[in-house]
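Architecture and fold: a report
Spelled out from the first residue to the last, the chains are:
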Amino acid sequence: MKPQIIPIENKYSDVIVDLILNIQQKEFNVAITIEDQPDLLNIQNFYYGGGGHFWGAFVDDELVGTIALVKFNNTQAAIRKMFVKKEYRGKEFSIAQKLLDTLVDYCTKNQIEDLYLGTITVLEAALRFYERNNFIRIEKVSLPNTFPVMSADNVFCHLKLKK
């Protein structure tokens, strides 16, 4: 049951929205709706249009995880929409790791030197995952001015890709 990580686009919007909203609303009780996330209904323009990307992890043709990249200047980008279905989390499947590795590899090939992300404190396991992958927590005031802050985010991290 090896996950397949592939670029995904607008034709997957319904399954992407279903996966992400279920995790946000039902699993973690985050008060967020699809209206708060219009990017999910226009992946092509929002992610690919600005030089970013969007990947999905599939197991037996089922979407079980997502990760997206928003490029907000020539050398800096933000991780967005990193979600893995509960049943597919953990080392057994390593889906989150494979998604992150795919994104970092893309960044390296595309001269992105700094990777940032915003999340919320309730997602403790996600924060531990990022810290295991060398992300460092930073204060909101340390974010680049052009970083696209999401209103719900209250924890921010940074990874320097270019040494």
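Below: a short report on this structure. The structure displayed is predicted, hence computed values, not measured ones.

Next up on the list: the overall build of the protein. What the protein contains, in helices and strands, is four helices and seven strands. Its helices and strands taken in sequence order, the protein reads β-α-α-β-β-β-α-β-α-β-β from the N to the C terminus. On C-alpha atoms alone, the protein measures out to a radius of gyration of 15 Å, which is about the 15 Å that the 2.2 N^0.38 rule sets for 163 residues. Seen through its C-alpha atoms, the protein measures out along the principal axes to roughly 40 × 35 × 30 Å. Residues classed as buried in the protein amount to 46% of the 163 residues present.

On to the pairing of strand β4 (residues 76-84), then. Buried residues dominate β4, accounting for nine of its nine residues. By the bridge criterion, six bridges tie strand β3 (residues 62-71) to β4 in an arrangement that is antiparallel. When the sheet's bridge partners are listed, Lys 71 is paired in β4 with Ala 77. When β4 meets strand β5 (residues 114-119), the two strands line up parallel, connected through four bridges.

On to the pairing of β5, then. Burial analysis of β5 places six of its six residues in the buried class, which makes it a mostly covered element. Burial along β5 is two-sided: Asp 114, Tyr 116 and Gly 118 facing one way and Leu 115, Leu 117 and Thr 119 facing the other are all buried. At this point the chain moves from β4, through helix α3 (residues 95-109), to the parallel β5, and the crossover so formed is right-handed. In this structure, β5 lies alongside strand β7 (residues 155-160), joined through six bridges in antiparallel fashion. Its bridge partner being in β7, Thr 119 is matched across the sheet by Val 155.

Turning next to the side chain of Gln 76. Its location among the elements puts Gln 76 in strand β4. Side chain to side chain, Gln 76 and Asn 73 meet in a polar contact 2.5 Å long. Once residues within four sequence positions are removed from consideration, Gln 76 is found in contact with Lys 71, Ile 112, Asp 114, Tyr 116 and Pro 144.

This paragraph deals with unusual backbone geometry. Phi at Asn 29 is positive, roughly 50 degrees, even though this residue is not glycine. Looking at the element boundaries, Asn 29 is found in the loop between α1 (13-27) and α2 (43-48). The exposure class assigned to Asn 29 is exposed, which follows from its relative accessible area of 63%. Even without being a glycine, Lys 81 presents a positive backbone phi close to 55 degrees. You can see Lys 81 is positioned in strand β4.

Rules used in this analysis
Residues numbered from 1 in each chain as written. Predicted model: local features only at pLDDT ≥ 70, side-chain atom pairs only at ≥ 80, totals over all residues. Heavy atoms only, no water. Helix = DSSP H or I, 4+ residues; strand = E, 2+ residues; numbered from the N terminus. Rg over C-alpha atoms; globule rule 2.2 N^0.38 Å. Buried < 20%, exposed > 50% of the residue type's maximum accessible area, 1.4 Å probe, protein only. Pairing = 2+ DSSP bridges. Right-handed = clockwise from strand over helix to strand, strands pointing away. Polar contact = N/O pair within 3.5 Å; in protein donor to acceptor, adjacent residues only side chain to side chain. Contact = heavy atoms within 4.5 Å.

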